[in-house]
Amino acid sequence: MLAEELVVLDADSPQWSAAKPLLEAALRLEQREDHYSWRGWNKRQIDAFLEGLPQRCSLVVGVWETSLAENDVIEHEALMLGVVCEVVAGEVCSIRTYEALTAYGLGPVSSLEPGIDDAMEIMRIVRTQVAPVAWALFTDKATWNEWLFASSGQGDVVNITDILTACARQGRCVIMGNQTANLHQT
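Just so we're clear, the structure is a prediction, and the values are computed from it rather than from any experiment. (Residues numbered from 1 in each chain as written. Predicted model: local features only at pLDDT ≥ 70, side-chain atom pairs only at ≥ 80, totals over all residues. Heavy atoms only, no water.)

Novice: In this structure, what is going on with the pattern of salt bridges? I would like to understand it.
Specialist: If charged atoms from side chains of opposite charge come close, those side chains can pair. Per the stated rule, a full pass over the model turns up five salt bridges. Here lysine 141 ties to glutamate 65 by a salt bridge, and the two come within 3.3 Å at their closest N and O atoms. Of this pair, lysine 141 sits in helix α5 (residues 141-148) while glutamate 65 sits in strand β4 (residues 56-68), and the two are 76 residues apart along the sequence. Accessibility expressed as a relative area gives 31% for lysine 141, which makes it partly exposed. The exposure class of glutamate 65 is partly exposed, given its relative accessible area of 37%. With a closest N to O distance of 2.6 Å, arginine 172 and glutamate 146 form a salt bridge. Here the residue arginine 172 occupies a position in the loop between α6 (160-169) and β8 (173-176), and glutamate 146 occupies one in helix α5, the gap between them amounting to 26 residues. (Salt bridge = Lys/Arg side-chain N within 4 Å of Asp/Glu carboxyl O. Helix = DSSP H or I, 4+ residues; strand = E, 2+ residues; numbered from the N terminus. Buried < 20%, exposed > 50% of the residue type's maximum accessible area, 1.4 Å probe, protein only.)

Novice: What exactly am I supposed to notice about unusual backbone geometry here?
Specialist: Trans peptide bonds make up the majority, and among non-glycine residues the majority have a negative phi. A positive phi angle, close to 50 degrees, is found at aspartate 10, a residue other than glycine. Considering the arrangement of structural elements, one finds aspartate 10 in the loop between β1 (2-8) and α1 (16-31). For alanine 89, which is not a glycine, the phi torsion comes out positive at approximately 55 degrees. Looking at the secondary structure, you find alanine 89 in the loop between β5 (74-88) and β6 (91-97).

Novice: It is not clear to me how the side chain of glutamate 86 should be interpreted in this structure. Could you clarify?
Specialist: Within the secondary structure, glutamate 86 is located in strand β5. By relative accessible area, which is 14% here, glutamate 86 ends up buried. A polar atom in the side chain of glutamate 86 sits 2.8 Å from the side chain of serine 94. With sequence-adjacent residues up to four places away left out, glutamate 86 is seen in contact with Arg56, Cys57, Ser58, Glu91, Val92, Cys93, Ser94, Arg96 and Val130. (Polar contact = N/O pair within 3.5 Å; in protein donor to acceptor, adjacent residues only side chain to side chain. Contact = heavy atoms within 4.5 Å.)

Purely spatial values, then, with no claim about function.
In structure tokens, the structure reads:
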């Protein structure tokens, strides 16, 4: 799941505080037995996903938190989590936040919006500076939490692909990348 020599770029970025707990969960999964699961996720499931990816690719995640004005109108959408994982031979070998992409022309993280223009720019920079984008997920915090923390309630592994597919079909997230045709065939 994780390369023996995992590289974490820009760990001093403010965005890293949202990414660090996810890396810690991945490390726990990596170090435990195959039957161990974390909130519906297990090592075998993640390894199978990673092994099904192209030899060298990237995974992109963007999660925005929405704050509402008094009249339930969207007041502000702030990027809560922006992470890029580089995958080589089925292992995550580097992790960086969107902050690292600003060196290659991405606008300030504080001005990124959950729209197609910023999503396409993020993917363009990742494709040219990291690796081709196999999967990119752009969503809101509520959908992210529902998917990430999905659980059977009894510690069993859940089908995370089905949950994410259902969210996408409901228009609650956008999934992009060169592997998305596989998602639409199911």
